[in-house]
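Residue strings, one per chain:
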Amino acid sequence: MSDGTDSRVPTTPADSVPGAGQGPGHGQAPGTEDADYLRRRTLRRGSAGWLLLTGLGVAYVVSGDFSGWNLGLAEGGFGGLALATLLMGVMYACLVFSLAELSAILPTAGGGYGFARRALGTWGGFLTGTAILIEYILAPAAIALFIGDYVESLGLFGLTSDWPVYLACFLIFIGIHLWGVGEALRFSLVVTAVAVAALLIFAVGAFTEFDTGGLNDIPVDQDAFGSGSWLPFGLLGIWSAFPFGMWFFLGVEGVPLAAEEAKDPVRSMPKALSISMAVLALLALITFFAATGARGSAAVADAGNPLVVALQGDGKPTALSRFVNYAGLAGLVASFFSLIYAGSRQLFALSRAGYLPRFLSLTSRRKAPYLGLLIPGAIGFALAAGSGDGGRMLNVAVFGATISYALMALSHLVLRRREPGLPRPYRTPGGTLTSGTAFVLALSALVATFLVDKDAAFIALGVYAVALAYFTFYSRHRLVAAAPEEEFAALAEAEAELERG
């Protein structure tokens, strides 16, 4: 068999230094077996230009503008959430600029795993890739629940928020992904454009009722240190609101996962990342101020659909609120759809390199990683149907995300210091100061997840522990040297060995 499950594909121990005669990435051309292994694991190249990649970056995140972020008002009040969003915006901006440089150096489907593999070795690559997988498998499951809530609230076809709706979401949208990446990304772009247009229309309507007095109408906790009208829960409230400030940007870092399917990724990746981040920052600013200013922070703090609540002063639906309600469903679909894509590509890359079972990276005739789509989809559906707790699953996803952010920022720092002469078609503005800022803020956000939901953090740690056991005792001894990310890192190690010798 040549599906990658046999021993003929060259493998390499986790910490070995490559030498001659060990297969691809170790100083000689791939053999027939290696070529066949990679042929069965090939994505469709050149399917996405910078516009589709930009749409993908916004699609990952746009559902967070419609709901979720407002829960941070109950943790930090208006001032606390505003400062938390600002700091998290800085973190994401610094991270995005760092990833733009890394993605131009290593334009493969591995994304964060590939960057960390080059900078931090196999352990760093696995830890980063696993954290990203936690984020991109849990988040779609949570969003499926939110889609069900919207379908029920809108009375669509008389459906309720239950397993048939969740199953339909996974079947329909995974089916589109199986059709082909170009078709999938074009679908995502259209749905995302509808959601963004709706946010802008919402802002126009909400700002006509803007009242600054409503921004600080949450009761002040007099016992909280540093509390006041703008910080009703004190200084600690800013920190506690970090995970919710992240919801305006959570997922944009997944754009490099499309590198192998992009047109001219060296140029298109930095451009798409930068434009996506600029669009998301603008949407965060206007959505946050418009929603809280139109109806007051207290009114939207615990709402499942805060934008709709902000438009309904007397609680009665209006034409604009109905439109925004339907658009919120479009935003959820856009994020759900794109996060499935991101999770499948991260799983594909880890499997192709042997970190996870190799059969998961097999691709179809249409160059789609079909098992990498179907198996996470089945897990996501089971989680959605079995738990029903979307908020808890999103908190677990945020925990995984913050770990990956810290490790990706650290990868940028390490490569800048250890390999200053590495060709960099794009260079991060600010250099290590930028990635260092992202690193510190990511660690702060990681700690903040324990302040908000300790159970979610420990659930994520439990998943991490199981994955690490698998890597420690099995997969790290069976890595595939021919995989692009492994080959790239191995060549760097070989060059370093020659320089030392």
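Residues numbered from 1 in each chain as written. Predicted model: local features only at pLDDT ≥ 70, side-chain atom pairs only at ≥ 80, totals over all residues. Heavy atoms only, no water.

**Q** Please clarify how the pattern of salt bridges should be interpreted in this entry.
**A** Pairs can form between side chains of opposite charge whenever their charged atoms are close. Evaluation of the coordinates by the stated rule reveals eleven salt bridges. Between R345 and E261 there is a salt bridge; the shortest N-O distance is 2.7 Å. With R345 in helix α13 (residues 319–352) and E261 in the loop between α9 (242–245) and α10 (265–295), this pair connects stretches of sequence that are 84 residues apart. Comparing R345 with E261 shows no difference in burial state: the two are buried. Several salt bridges converge on common partners, so that one network encompasses E101, R416 and R424. (Salt bridge = Lys/Arg side-chain N within 4 Å of Asp/Glu carboxyl O. Helix = DSSP H or I, 4+ residues; strand = E, 2+ residues; numbered from the N terminus. Buried < 20%, exposed > 50% of the residue type's maximum accessible area, 1.4 Å probe, protein only.)

**Q** Is there a simple way to explain the confidence of the model for the protein in this structure?
**A** Reading fine detail from the predicted coordinates is not recommended where pLDDT is low. Here the protein shows a mean pLDDT of 85. Residues at 70 or above account for 91%. Mean pLDDT values over the elements of the protein span from 52, in strand β1 (residues 11–12), up to 94, in helix α4 (residues 73–105). Of the regions scoring below 50 in pLDDT, residues 1–8 engages in 20 contacts with residues more than four places distant in sequence or in other chains. Confidence drops under a pLDDT of 50 for residues 12–32, and excluding neighbours within four residues, the segment shows 42 contacts in the predicted structure. (pLDDT = per-residue confidence, 0-100. Contact = heavy atoms within 4.5 Å.)

**Q** Hey, could you run me through the packing of helix α2 (residues 50–61) against α10 in this one?
**A** The description of two helices packed together rests on the angle between their axes and the distance between the axes. Packing of α2 against α10 leaves a shortest axis separation of 8 Å and a crossing angle of 40 degrees. By the criterion of interaxial angle, the relationship of α2 to α10 is oblique. Here α2 and α10 pass one another in a crossing that is right-handed. From α2, W50, L53, T54, G57, V58 and V61 reach across to α10, where they touch S268, M269, K271, A272, I275, S276, V279 and L280. The residue inventory of the contact of α2 with α10, partitioned by class, reads nine nonpolar, four polar and one charged. (Axes fitted to C-alpha atoms, helices over the stretch in contact; angles between N-to-C directions. Parallel < 35°, antiparallel > 145°, perpendicular 65-115°, else oblique. Left-handed = near helix turned anticlockwise from the far one by under 90°. Nonpolar A, V, L, I, M, F, W, Y, C, P; charged D, E, K, R; others polar.)

**Q** Explain the nonpolar core here, please?
**A** Looking at soluble globular proteins, one finds that nonpolar side chains tend to be buried together. Ranked by size, the top nonpolar core spans 135 residues in total, and within it W69, Y92, I147, F202, F336 and Y405 carry the most contacts. Sorting elements by how many residues they give to this core places helix α5 (residues 112–154) first, with 17 residues. In this view, W69 contacts G64, L81, F244, W247, F248, T287, F288, A291, T292, P306 and L307; residues no more than four positions away in its chain are not counted. The next biggest cluster of nonpolar side chains, apart from the first, holds 16 residues, and it includes A349, A353, Y355 and L479. (Core = buried A, V, L, I, M, F, W, Y, C linked by side-chain atoms within 4.5 Å.)

**Q** Would you mind showing me how to read unusual backbone geometry here?
**A** If a residue is not glycine, its phi is most likely negative; likewise, a peptide bond is most likely trans. Residue F157 is not a glycine yet carries a positive backbone phi of 60 degrees. By the secondary structure assignment, F157 is in the loop between α5 and α6 (163–179).

**Q** Would you explain the side chain of S103 in this entry?
**A** Here S103 lies in helix α4. Polar side-chain contacts of S103 include one of 3.1 Å to the backbone oxygen of A100. With sequence-adjacent residues up to four places away left out, S103 is seen in contact with F115, P256, M269 and L273. (Polar contact = N/O pair within 3.5 Å; in protein donor to acceptor, adjacent residues only side chain to side chain.)

**Q** I keep staring at α6 and nothing clicks. Help me out?
**A** Between its first and last C-alpha, α6 extends 24 Å over 17 residues, near the 24 Å set by a 1.5 Å rise per residue. Three or more residues of α6 are buried, namely V165, Y166, C169, F170, F173, I174, I176 and H177. For α6, the angular spread of the buried residues around the axis is 150 degrees, confining them to a single face. Facing away from the buried surface of α6 by more than 90 degrees, the exposed residues are L171 and I172. Once α6 ends, the next one or two residues include G180, with phi positive near 155 degrees. (Expected span 1.5 Å × (residues − 1). Arc of directions from axis to C-beta.)

**Q** Would you explain the packing of aromatic side chains in this entry?
**A** A complete count under the given rule lists 26 aromatic pairs for this structure. Here the aromatic rings of F207 and F210 are separated by 5.8 Å at their centres, their planes lie at 45 degrees, and the arrangement is tilted. On the accessibility criterion, F210 (31% relative accessible area) is partly exposed. Just above the ring of W50 sits the side chain of K271; from NZ or CZ to the centre is 4.1 Å. (Phe/Tyr/Trp six-rings, centres within 6.5 Å; stacked < 30°, edge-to-face > 60°. Lys NZ or Arg CZ within 6 Å of the ring centre and 35° of its normal.)

**Q** It is not clear to me how the packing of α5 against helix α14 (residues 370–387) should be interpreted in this structure. Could you clarify?
**A** At a minimum axis distance of 8 Å, the contact between α5 and α14 shows a crossing angle of 50 degrees. Classified by the angle between their axes, α5 and α14 sit oblique to one another. The two elements α5 and α14 meet at a crossing, and its hand is right-handed. Side by side, α5 and α14 meet where I137, L138, A141, A144 and L145 of the first sit next to P376, I379, G380, L383 and A384 of the second. When its residues are assigned to classes, the contact of α5 with α14 shows nine nonpolar, one polar and no charged.

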